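# Examining the three-dimensional arrangement
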Amino acid sequence: SQELEQSPQSLIVQEGKNLTINCTSSKTLYGLYWYKQKYGEGLIFLMMLQKGGEEKSHEKITAKLDEKKQQSSLHITASQPSHAGIYLCGADPGNTPLVFGKGTRLSVIA
Amino acid sequence: ETGVTQTPRHLVMGMTNKKSLKCEQHLGHNAMYWYKQSAKKPLELMFVYNFKEQTENNSVPSRFSPECPNSSHLFLHLHTLQPEDSALYLCASSQELTSGNTIYFGEGSWLTVV
């Protein structure tokens, strides 16, 4: 079965700093989804990447998909307290519902 | 507002109780899901419904019983649960079950079994 490893597990950054979160798959990625979750709440869809080399941006968040490396990265520019939360990547195995990583907990301090 | 509404948001129940979690989606989607989220574990898929028919049961114990009366509603009936079943239960939906369809989540129901 497909497994996703996210790194780092947790991250504390100062407001205004840039950061990157990685998601590595044990198998071929047919699609990669990024979600954000505030503690104890549901997942909010951020973006989906389907093609190797694809890059998408939403406000200050950019995600890239490296199909060959079976990896995706999520980059936040000039972090704000509103970016704090848990970021989860989900892989589309192609024939079953999404498989998720354990998440990366991001804290942004003033 | 995500289009997927879950009730109740918080539930405390004894091990001998019977309770139900409810999910309603207002997105016109055909597929619905139940996921379980426990501390320090990845999201675990529990059940999948497509056009009201169950298509996947991920080896979930029978003390969890899903019900999907129509494409917009999904229930999770709970009976004689164990303390280790305490978790955040997330309902989700997607337009179709096929690859490339984004899954949208509800806000979750926090379940505590005492």
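Scroll up for the structure.
Not measured: the values here are computed from a predicted model.

## Topic: the overall build of chain A
Looking only at helices and strands, chain A has zero helices and eleven strands in total. By its C-alpha atoms, chain A is 45 × 30 × 20 Å across when sized along the principal axes. A burial count over chain A gives 46% of its 110 residues as buried. By element, 46% of the accessible surface of chain A is carried by carbon and sulfur atoms, the whole surface being about 5,600 Å².

## Focus on the layout of surface pockets
Its volume calculated, the largest pocket comes out at about 1,200 Å³. Residue lining of the largest pocket: 42 residues in total, with Phe100 and Lys102 of chain A together with Lys41, Pro42 and Leu43 of chain B positioned closest to the centre. Among the secondary structure elements, those contributing two or more residues to the lining of the largest pocket are β1 (4-7), β3 (19-25), β9 (85-91), β10 (99-100) and β11 (104-109) of chain A together with β4 (31-37) and β5 (44-50) of chain B. Broken down by element, the residue count for the lining of the largest pocket peaks at three residues, all from β1 of chain A. The calculated volume of the second largest pocket comes to roughly 160 Å³. If you trace the second largest pocket, you find it lined by Lys36, Phe45, Leu46, His58, Glu59, Lys60, Ile61, Ser82, His83 and Tyr87 of chain A. When the residues that make up the lining of the second largest pocket are grouped by side-chain class, the tally is four nonpolar, three polar and three charged.

## Quick notes on the environment of Arg105 of chain A
All names here are of chain A. As for its placement among the helices and strands, Arg105 is situated in strand β11. On the basis of relative accessible area, Arg105 is assigned to the partly exposed category, the value being 41%. Non-local contacts of Arg105, meaning those with residues more than four positions away in its chain, are made with Gln9, Ser10, Leu11, Tyr39, Gly85 and Ile86.

## Structural notes on the side chain of Gln6 of chain B
Residues and elements named next belong to chain B. Looking at the element boundaries, Gln6 is found in strand β1 (residues 4-7). By relative accessible area, Gln6 is classed as buried at 3%. Engagement of the side chain of Gln6 in a polar contact is seen with the backbone nitrogen of Gly108, the distance being 3.0 Å. With sequence-adjacent residues up to four places away left out, Gln6 is seen in contact with Lys22, Cys23, Trp34, Tyr89, Leu90, Cys91, Gly106, Glu107, Gly108 and Ser109.

## Here's the deal with the interface of chain B and chain A
Every contact between the two is made by 23 residues of chain B and, on the other side, 19 residues of chain A. Summed over both partners, the interface of chain B with chain A comes to about 1,600 Å²; 59% of that surface belongs to carbon and sulfur atoms. Remark: the boundary between chain B and chain A carries zero salt bridges. In this structure, the connection of chain B to chain A is made through six residue pairs in polar contact (both at pLDDT 80 or more). Those elements giving two or more residues to the side of chain B that touches chain A turn out to be β4, β5, β9 (87-94) and β10 (104-105) of chain B.

## Focus on the side chain of Ser109 of chain B
Residues and elements named next belong to chain B. Examined against the element boundaries, Ser109 turns out to sit in strand β11 (residues 109-113). Looking at Ser109, the relative accessible area reads 0%, which means it is buried. In terms of polar contacts, Ser109 uses its side chain to reach the backbone carbonyl oxygen of Pro8, at 2.6 Å. Residues in contact with Ser109, not counting those within four places in the same chain, are Gln6, Thr7, Pro8, Arg9, Leu21, Ala87, Leu88 and Tyr89.

Conventions used here
- Here the residue numbering is sequential within each chain, running from 1 through the sequence in written order.
- To label them, take the chains in the order written and letter them from A, then take the ligands in the order written and number them from 1.
- Local features in this predicted model are restricted to residues whose pLDDT is 70 or higher, and side-chain atom pairs enter the listing and the counts only when it is 80 or higher, whereas totals over whole chains, interfaces and linings include all residues.
- Water and hydrogen atoms play no part in the side-chain values, which are based on all heavy atoms of the structure.
- Helix and strand assignments come from DSSP, with helices taken as H or I runs of at least 4 residues and strands as E runs of at least 2, each series counted from the N terminus.
- Exposed residues in this analysis have more than 50% of their type's maximum accessible area, buried residues have under 20%, and partly exposed residues fall in between, with area computed by a 1.4 Å probe over protein chains only.
- A 1.4 Å probe and the Shrake-Rupley method give the accessible areas. Residues count as covered only by the protein chains that appear here.
- Of the grid points, spaced at 1 Å and generated over the protein atoms alone, those admitting a 1.4 Å probe that cannot get out make up cavities, while open sets with protein on both sides within 12 Å along at least five of seven lines make up pockets; any residue with an atom within 4 Å of a point is treated as lining.
- Grid points are joined across faces, edges and corners, and a volume is the space filled by probe spheres set on the points.
- All amino acids are sorted into three groups, where Ala, Val, Leu, Ile, Met, Phe, Trp, Tyr, Cys and Pro are nonpolar, Asp, Glu, Lys and Arg are charged, and the leftover types, Gly among them, are polar.
- Any two residues having at least one pair of non-hydrogen atoms within 4.5 Å are treated as being in contact.
- Within 3.5 Å is the distance limit for a polar contact, defined as a pair of N or O atoms, with the added protein rule that one can donate a hydrogen and the other accept it, and that residues adjacent in sequence qualify only through two side-chain atoms.
- A simple way to read buried area is as the amount of 1.4 Å-probe accessible surface that goes missing from two parts once joined, with both sides added.
- Here, a salt bridge means any Lys or Arg side-chain nitrogen found within 4 Å of an Asp or Glu carboxyl oxygen.

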